[in-house]
Amino acid sequence: MARIVMKFGGTSMAGIERIRSVAARVKREVAAGNQVAVVVSAMAGETDRLVGFCREASPLYDPREYDVVVASGEQVTSGLLAIALQAIGVPARSWLGWQLPIHTDDAFAKARIGEIDTDALDASLAAGEVAVIPGFQGVSDDHRITTLGRGGSDTSAVAMAAAMKADRCDIYTDVDGVYTTDPRIVPRARKLAKVTYEEMLELASVGAKVLQTRSVGLAMKKNVRVQVLSSFTGDDAPMADTLPGTMIVGEEEITEVERQLITGIAHDKNEAKITLTAVPDKPGSVAAIFEPLAAANINVDMIIQNIAHQSAGSASATDVTFTVPAADLARSIEALNQARGAIGFADLVHDTRVAKVSVVGVGMRSHAGVASTMFTTLGARGINIQAISTSEIKVSVLIHEDETELAVRVLHTAYGLDAEEAA
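Residues numbered from 1 in each chain as written. Predicted model: local features only at pLDDT ≥ 70, side-chain atom pairs only at ≥ 80, totals over all residues. Heavy atoms only, no water.

Trainee: Can you lay out the overall build of the protein chain for me, pointing to particular residues and giving the numbers?
Mentor: Helices and strands together make up the secondary structure of the protein chain, namely 13 helices and 20 strands. For 423 residues, the compact-globule formula gives about 22 Å, and the C-alpha radius of gyration of the protein chain, at 23 Å, lands near that figure. Referenced to the eigenvectors of the C-alpha coordinate spread, the extents of the protein chain come out at roughly 80 × 60 × 35 Å. When each of the 423 residues of the protein chain is scored for burial, the buried share is 50%. Long-range pairs, those at least 24 residues apart, make up 74% of the contacts in the protein chain with a sequence separation of at least 6. Carbon and sulfur atoms provide 52% of the accessible area of the protein chain, an area that totals close to 18900 Å². (Helix = DSSP H or I, 4+ residues; strand = E, 2+ residues; numbered from the N terminus. Rg over C-alpha atoms; globule rule 2.2 N^0.38 Å. Buried < 20%, exposed > 50% of the residue type's maximum accessible area, 1.4 Å probe, protein only. Contact = heavy atoms within 4.5 Å. Areas by Shrake-Rupley, 256 points an atom, 1.4 Å probe, with all protein chains shown as cover.)

Trainee: Can you tell me about the nonpolar core, naming the residues and giving the values?
Mentor: One finds Val-5, Ile-133 and Met-160 to be the most contacted residues of the largest nonpolar core, which totals 39 residues. Put simply, the parts of the chain that give this core at least two residues each are β2 (35-40), α5 (119-126), β6 (130-134), α6 (152-164), β9 (168-173), α7 (197-205), α8 (213-222) and β13 (226-230). For this core, the element with the most residues is α6, which contributes 6 residues. Contacts of Met-160, omitting those with residues within four sequence positions, involve Val-5, Val-39, Leu-100, Ile-102, Ile-116, Leu-121 and Ile-133. (Core = buried A, V, L, I, M, F, W, Y, C linked by side-chain atoms within 4.5 Å.)

Trainee: Tell me what's going on with the sheet that holds strand β14 (residues 246-249), and back it up with residues and numbers.
Mentor: Strand order in the open sheet made by the 8 strands is β3-β6-β2-β1-β9-β13-β14-β12, with mixed pairing throughout. Every other strand in the sheet has two partners, leaving β3 (92-94) and β12 (194-196) as the edge strands with one partner each. Looking at each pair of strands side by side, their axes are set apart by 20° on average, direction ignored. Where β13 meets β14, 3 bridges bridge the pair, whose relative direction is antiparallel. Each bridged residue has a counterpart across the sheet, and for Val-226 the counterpart in β14 is Ile-248. In this fold helix α4 (residues 72-87) packs onto β2, β3 and β6, with an angle of close to 160° to the strand it touches most, β6. (Pairing = 2+ DSSP bridges. Axes fitted to C-alpha atoms, helices over the stretch in contact; angles between N-to-C directions.)

Trainee: Break down the pairing of strand β17 (residues 317-325) for me, citing the residues and quoting the values.
Mentor: Buried residues dominate β17, accounting for 8 of its 9 residues. The pairing of strand β15 (residues 264-280) with β17 spans 8 bridges and is antiparallel. Counted as the bridge partner of Val-279 is Thr-318 from β17. When strand β16 (residues 303-305) meets β17, the two strands line up antiparallel, connected through 3 bridges. Of the residues in β17, the one forming a bridge with Ile-303 is Phe-322.

Trainee: A description of helix α13 (residues 404-414) should follow, citing residues and the corresponding values.
Mentor: All of the buried residues along α13 are Thr-404, Ala-407, Val-408, Val-410, Leu-411 and His-412. The inward-facing, buried residues of α13 abut β15, β18 (348-360), α12 (370-380) and β20 (394-400). After α13 finishes, the residue Gly-416 shows a positive phi value of roughly 70°.

Trainee: Go over the side chain of Ser-41 with me, naming the residues and quoting the values.
Mentor: If you trace the backbone, Ser-41 turns up in the loop between β2 and α2 (46-57). You can call Ser-41 buried: its relative accessible area is 10%. Ignoring sequence-local partners within four residues, the contact set of Ser-41 consists of Lys-7, Phe-8, Gly-9, Gly-10, Met-13, Glu-74, Thr-77 and Ser-153.

Trainee: I'd like a description of the packing of α2 against helix α3 (residues 63-70), backed by residues and values.
Mentor: Two measures define how a pair of helices packs: the angle their axes make with one another and the distance between the axes. In contact at an axis separation of 9 Å, α2 and α3 are set at 145° when each is read in the N-to-C sense. With respect to the hand of their crossing, α2 and α3 are arranged in right-handed fashion. Judged by residue contacts, Leu-50, Val-51 and Cys-54 of α2 engage Tyr-66, Val-69 and Val-70 from α3. Looking at the contact of α2 with α3 residue by residue, the class counts come to 6 nonpolar, no polar and no charged. (Left-handed = near helix turned anticlockwise from the far one by under 90°. Nonpolar A, V, L, I, M, F, W, Y, C, P; charged D, E, K, R; others polar.)

Trainee: Lay out the UniProt feature "binding site: substrate" (unreviewed entry) in the protein chain in plain terms, naming residues and giving numbers.
Mentor: Per the UniProt entry, the sites bearing "binding site: substrate" (unreviewed entry) are Thr-47 and Glu-74 in this numbering. Spatially, the listed residues are clustered: although they cover 28 residues, their C-alpha atoms lie within 8.8 Å of one another. If you trace the backbone, Thr-47 turns up in helix α2. Structurally, Glu-74 can be placed in helix α4. Owing to a relative accessible area of 3%, Glu-74 belongs among the buried residues under this scheme. Here Glu-74 is in contact with Val-40, Ser-41, Ala-42, Thr-47, Pro-134, Gly-135, Phe-136, Gln-137 and Ser-153, once residues within four sequence places are set aside. Within the local environment of Glu-74, its side chain forms a polar contact with the backbone nitrogen of Ala-42, the two atoms lying 3.1 Å apart. (UniProt positions renumbered as here; feature names shortened; annotations may be inferred. Polar contact = N/O pair within 3.5 Å; in protein donor to acceptor, adjacent residues only side chain to side chain.)

Trainee: Give me the sheet that holds strand β19 (residues 387-391): which residues, what numbers.
Mentor: The sheet built from 6 strands is open, its strands ordered β16-β17-β15-β18-β20-β19 with antiparallel pairing. Pairing within the sheet leaves two strands with one partner each, and these edge strands are β16 and β19. If you compare each strand with its neighbour and ignore which way they point, the axes differ by 25° on average. The strands touched by helix α10 (residues 329-338) are β15, β17 and β18; relative to β18, the strand with the most contacts, the crossing angle is about 125°.

Trainee: Summarise the domain arrangement of the protein chain; cite the residues concerned and give the values.
Mentor: Taken domain by domain, the protein chain consists of domain 1 (3-257) and domain 2 (265-415). Counting residues at the interface gives 22 residues for domain 1, matched by 27 residues for domain 2. Among the residues of domain 1 in contact with domain 2, Lys-110, Ile-185 and Val-206 are the three that bury the most area, contributing 31% of the side total. Between the two partners, domain 1 and domain 2, sit 3 salt bridges. Measuring nitrogen to oxygen at the nearest pair gives 3.8 Å for the salt bridge that ties Lys-394 to Glu-202. One can count 8 residue pairs in polar contact (both at pLDDT 80 or more) joining domain 1 with domain 2. Considering only residue class, the side of domain 1 that touches domain 2 consists of 8 nonpolar, 5 polar and 9 charged. (Domains from an automatic or database assignment. Buried area = accessible area lost by both parts, 1.4 Å probe. Salt bridge = Lys/Arg side-chain N within 4 Å of Asp/Glu carboxyl O.)

Right, dumping it as structure tokens:
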């Protein structure tokens, strides 16, 4: 008997017929003698609809009340799946985040899981019930509903797998694995059999939509074996542990033969660029910019500080440019304007028509010229680079959003990632 966590995304839960299909897939695992916990997302588009209501009510909504609203989508699908399982003879019950409970901090709209109580869940599984758990949600120490941020159901699933000591965590989505890039942009993108935790972490952080960043980080920390699978295979498809999805594994499991210089190329249009002009060029000025953003739980990505300049009769000053998630732009502007006196900037200029394109691969550690190839390839196509950031296995550039698809296609070819033509 194995313990399995199965996670189904929004497209898998988009309507009663698809929920019935999920129930049938879960029943197969139960019939094989496995103990099963299922983590579900809201129906496709439902979270966006609920977020839209919050923004319509107030652009500067209270994050605590936002969580109350958006957590309701997963509550609906967890109850519906439990009903669908019961209808086909599978004992099941739903467990909301506060019922287990799933303890989180109080960073509303982007909470982090602290611990999960599994005593009641263990008893339920031992009794032969399937546990259906809404992803994306938990409860704070003061008993308020929290949510984990967009894509948080992946994190819920990995956290549940770790807490339950599950044998594996199967992430069912609308793609059948992790590809070298988005196959909708590059039809010759290749599916990867294995990706290291570290590569997947970088890919997720720079825009790959397959898994949420925090879920990969948690899987790496807890050594949770994760498999990405398609939920749209036929009813007669092999069992999940024999399906050809993508395994997220430790680097030691990938042989030299399998290893590539570049594993994948990701893009993210959900970025906003902010420039503060004429910031005093003195110790503490940069800290004064980013302290209020950190206090507001706003993540800053790329940062550029220009060469200091000095006008006649004035003190030295510089311009500072950085990026934040587009969804956090309004709150970022508010936090910076409130701290304007302490920072001392002249103007705040923002731009949402930008995109981040990144190349990722553990092979960068031992090969030179990866960044040079990227810059040369983009320059040859007239694509201007607005900002650059790097890590040991990643190079990211900020470009105009209209050039995103062209950049992804030419880089995919430049790094030799295109699949061979069919014979």
